[in-house]
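Observations on the model geometry
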Amino acid sequence: MSDVYVRAMPPTAQNTAGYMQIHNHSKQPVSLIKAESPIAKNVELHLSKMSEGVMKMFQQKEIMVPAEGSTHLKPGGLHIMFLGLNEPSKAGSKTTLKLTFSNGEQLTVDASVMKTPNPRGDMKHIQK
């Protein structure tokens, strides 16, 4: 795991997103199947993509990480969505993420909350 961070948002925001690079050093592919954090009531795996000329978010059941490879969760692509924030995602603070993988492995990682530009603007959330 590297480059783990959560996007800082204004105090009134109800949602934010998290990003990271997930590395898989095993000879078998693995999937991120669940993420949890005390910062939000609900945490989901998402993919942002263009649909009908509009950037939209689609909930994912899993995020695949290839054998001996990595998957980059980044703005405008795969990411972790924090819905119903329990506290503001204030720049300079930290939170923890508990990640569960398809092989049963669970990792708890620290995430810095950082200001980042939002080049995609507001996105429409689509439940799949």
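Residues numbered from 1 in each chain as written. Predicted model: local features only at pLDDT ≥ 70, side-chain atom pairs only at ≥ 80, totals over all residues. Heavy atoms only, no water.

1. Some details on the overall build of the protein
A tally of helices and strands in the protein yields 0 helices and 11 strands. Sequence-ordered secondary structure for the protein, helices as α and strands as β, is β-β-β-β-β-β-β-β-β-β-β. Over its C-alpha atoms, taken along the principal directions, the protein stretches across nearly 45 × 35 × 25 Å. Buried residues in the protein amount to 41% of all 128 residues. Once local pairs closer than 6 in sequence are excluded, the contacts in the protein between residues at least 24 apart make up 67%. (Helix = DSSP H or I, 4+ residues; strand = E, 2+ residues; numbered from the N terminus. Buried < 20%, exposed > 50% of the residue type's maximum accessible area, 1.4 Å probe, protein only. Contact = heavy atoms within 4.5 Å.)

2. Looking at the pattern of salt bridges
Oppositely charged side chains may form a pair once their charged atoms are brought near each other. By the definition in use, this model includes 2 salt bridges. A salt bridge links K27 to E68; the shortest N-O distance between them is 3.0 Å. Taken together, the residues span a long stretch of sequence, with K27 in the loop between β2 (15–24) and β3 (30–36) and E68 in the loop between β6 (63–65) and β7 (69–73) at a distance of 41 residues. Note on K27: relative accessible area 66%, which makes it exposed. (Salt bridge = Lys/Arg side-chain N within 4 Å of Asp/Glu carboxyl O.)

3. Regarding unusual backbone geometry
Glycine aside, a negative phi is what most residues show, and trans is what most peptide bonds show. Residues other than glycine seldom take positive phi values, yet D3 does so here, at roughly 50°. Following the sequence through the fold, D3 ends up in strand β1 (residues 2–7). Here E68, not a glycine, exhibits a phi torsion of approximately 50°, which is positive.

4. Things to note about the pairing of β3
The pairing of β3 with β6 spans 3 bridges and is antiparallel. Each residue of the ladder has a partner; that of S31, found in β6, is M64. Inspection of the sheet shows β3 paired to strand β9 (residues 94–101) by 4 bridges, in the antiparallel sense. Looking at β9, one finds that A35 is bridged to L99. (Pairing = 2+ DSSP bridges.)

5. A short note on the confidence of the model for the protein
Per-residue confidence for the protein gives a mean pLDDT of 90, with 91% of residues at or over 70. Across residues 119–128 the pLDDT falls below 50, and counting only partners more than four positions away or on other chains, this stretch makes 18 contacts in the model. (pLDDT = per-residue confidence, 0-100.)

6. Some remarks on the environment of T116
Topologically, T116 is positioned in the loop between β10 (106–114) and β11 (124–126). For the pair T116 and A8, spaced 108 residues apart in sequence, the C-alpha to C-alpha distance is 7.2 Å. When sequence neighbours within four positions are dropped, the list of residues in contact with T116 reads Y5 and R7.

7. Considerations on the nonpolar core
Counting 24 residues, the largest nonpolar core has M20, I22, L32, I80, F82, L97 and L99 as its most contacted members. Counting only elements with at least two residues in this core, the list comes to β1, β2, β3, β4 (40–51), β6, β8 (78–85), β9 and β10. Residues Y5, Y19, M57 and L83 belong to the second largest nonpolar core, which totals 6 residues. (Core = buried A, V, L, I, M, F, W, Y, C linked by side-chain atoms within 4.5 Å.)

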